[in-house]
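# Results of the structural survey
Listed below, chain by chain, are the residues.
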Amino acid sequence: MEILFLDTARKEFERLPDDIQHLFLSHFEKIRSMPPHRHMRYGIPSHVEKVTRQARIINEIHEDALYILHCFTDHKDYEQWYNSYR
């Protein structure tokens, strides 16, 4: 499965410190090998992967590609994005 970043996700990922980037990379590999099956609530067609207590990866899977939509390091930013769908 190929991993593709949206432009916003790539910028968010590149701004992360190296140690956090390493955690995110290991979770990308985890998602690639064991794709999630449950979608988020409120009709959001994405999946969320918890990286640390605060950090989250928002992703979608289409055919043979894993699309990374967002890389949040702060739970506040994640909640703001999530609540925009309510």
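Quantities reported herein were computed from a predicted structural model and do not represent experimental measurements. (Residues numbered from 1 in each chain as written. Predicted model: local features only at pLDDT ≥ 70, side-chain atom pairs only at ≥ 80, totals over all residues. Heavy atoms only, no water.)

What follows deals with the confidence of the model for the protein. On average, residues of the protein score 89 in pLDDT, and 98% of them are at 70 or above. Ranking the elements of the protein by mean pLDDT puts strand E2 (residues 47-50) last with 89 and helix H1 (residues 7-14) first with 95. (pLDDT = per-residue confidence, 0-100. Helix = DSSP H or I, 4+ residues; strand = E, 2+ residues; numbered from the N terminus.)

A few words now on the side chain of His-27. In this fold, His-27 is placed in helix H2 (residues 18-33). Leaving out residues up to four positions away in the same chain, His-27 has contacts with Glu-49, Lys-50, Val-51 and Ile-57. (Contact = heavy atoms within 4.5 Å.)

This part covers the sheet that holds strand E1 (residues 2-5). Across the sheet, 4 strands lie side by side as E1-E4-E3-E2; this open sheet has mixed pairing. The sheet is open, and its two edges are formed by E1 and E2, each paired on a single side. On average, adjacent strands in this sheet sit at an angle of 35° to one another, irrespective of strand direction. Judged from the 4 bridges that link them, E1 and strand E4 (residues 65-72) form a sheet pairing that is parallel. Residue Leu-4 lies in a different strand from E4, and its bridge partner there is Tyr-67. Taken strand by strand, H1 contacts E1 and E4, and its axis lies near 55° from that of E4. (Pairing = 2+ DSSP bridges. Axes fitted to C-alpha atoms, helices over the stretch in contact; angles between N-to-C directions.)

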